[in-house]
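Listed below, chain by chain, are the residues.
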Amino acid sequence: MNAPSFPPLLQGQATVDDPLEVAVALAAAGCDSGTLVHNLAGRDLRAALIFAPEVALADAMAMLPACGVGFQNALGAVAPPEVAVHLTWDGQIMVNGAACGGLSVRAASPAPSNIPDWLVVGLQVPLWPVSDDPGETPDQTALYIEGCADVTPVQLLEGWARHTLLWISRWSDEGPAPLHAEWQGLLHKTDIDIGIDERFGLLRKDGETTTLVPLTTLLEPA
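Residues numbered from 1 in each chain as written. Predicted model: local features only at pLDDT ≥ 70, side-chain atom pairs only at ≥ 80, totals over all residues. Heavy atoms only, no water.

(A) Looking closely at empty space enclosed by the protein. Scanning the entire structure with this criterion turns up 1 cavity of 30 Å³ or more. The computed volume of the largest cavity comes to approximately 40 Å³. Forming the boundary of the largest cavity are Leu-64, Pro-65, Gly-68, Leu-87, Thr-88, Trp-89, Gly-91, Gln-92, Leu-103 and Trp-183. Among the elements that make up the lining of the largest cavity, the one with the highest residue count is helix H3 (residues 63–78) (3 residues). (1 Å grid on protein atoms, 1.4 Å probe; cavity = no way out; pocket = protein on both sides within 12 Å on 5 of 7 lines; lining within 4 Å. Points joined across faces, edges and corners; volume = space filled by probe spheres on them. Helix = DSSP H or I, 4+ residues; strand = E, 2+ residues; numbered from the N terminus.)

(B) Seen up close, the packing of aromatic side chains. Applying the stated criterion across every chain yields a total of 2 aromatic pairs. Considering the side-chain rings of Trp-128 and Tyr-144, the 4.9 Å spacing of their centres and the 85° angle between planes classify their relative orientation as edge-to-face. Of this pair, Trp-128 sits in the loop between strand S7 (119–126) and helix H4 (153–174) while Tyr-144 sits in the loop between S7 and H4, placing them 16 residues apart in sequence. Overall, the relative accessible area of 15% leaves Tyr-144 in the buried class. (Phe/Tyr/Trp six-rings, centres within 6.5 Å; stacked < 30°, edge-to-face > 60°. Buried < 20%, exposed > 50% of the residue type's maximum accessible area, 1.4 Å probe, protein only.)

(C) Quick peek at the nonpolar core. Among the nonpolar cores identified, the biggest contains 59 residues, and Leu-36, Phe-71, Leu-75, Leu-119, Val-121, Leu-143 and Trp-160 are the most heavily contacted of them. The next biggest cluster of nonpolar side chains, apart from the first, holds 10 residues, and it includes Leu-20, Ala-27, Val-37 and Trp-118. (Core = buried A, V, L, I, M, F, W, Y, C linked by side-chain atoms within 4.5 Å.)

(D) View of the sheet that holds strand S9 (residues 202–206). Strand order in the open sheet formed by 3 strands is S8-S9-S10, with antiparallel pairing between adjacent strands. Looking at which strands have only one partner, the edges of the open sheet turn out to be strand S8 (195–196) and strand S10 (209–213). Sheet analysis places S9 next to S10, joined by 5 bridges and oriented antiparallel. Bridge assignment links Arg-204 to a residue of S10, and that residue is Thr-211. (Pairing = 2+ DSSP bridges.)

(E) Molecular detail of the pattern of salt bridges. Under the defined criterion, the tally for this structure stands at 4 salt bridges. When the shortest N-O distance is used, the salt bridge between Glu-220 and Arg-106 registers 3.2 Å. Of this pair, Glu-220 sits in the segment after S10 while Arg-106 sits in strand S6 (residues 98–107), and the two are 114 residues apart along the sequence. Arg-106 sits in the buried class, given a relative accessible area of 10%. A salt bridge links Arg-170 to Glu-174, with the nearest nitrogen and oxygen atoms 3.1 Å apart. Highlighted residues: Arg-170 and Glu-174, both in helix H4, separated by 4 residues, approximately one helical turn. In this structure Arg-170 comes out as partly exposed when scored by relative accessible area, which is 29%. (Salt bridge = Lys/Arg side-chain N within 4 Å of Asp/Glu carboxyl O.)

Shown next, in the form of structure tokens:
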């Protein structure tokens, strides 16, 4: 397997361990933003991208939808046209209507109004199903049984890096509106209640009451 190559603003780092755990440890130790830790061995494509936010966490959480849209664009560019790729608000990746891995996020501080020292978005996508009988888990799938057998892990990882960097650049230059529109258009329709606010928070309606669930609720313990 050839080593992946990344755009100039990103630095790849291979690992045999869990890329998310490695990336969090590197970020906490002061590793440079833009480090992309990856493990392409095994049944799953696993990677994690380190950020050093310059805005409050509530705004920096936009990196989660940016990474989700980046993956959807990357897979959509190399998968057969009949393969449908969507996202859920909480970070799952949906391929042909079934869950196919997803994204997770951790940060140095959970306080929405603080600028965190670091933020890490992890990606895990199954290439092969865990079971030899996919019928046992009809709500879960893997890329290679959904018509994507010709897509290589390196190709997909490189595409994720390029497309994610593009969306981060647009978010930085143009504000959240373009990313918001793209992401909302890709959300799995059953996942949305009444809408998404300008910070990508989920709006829910319970009777006459509308509540906001901010993206920061998706933070995993660091």
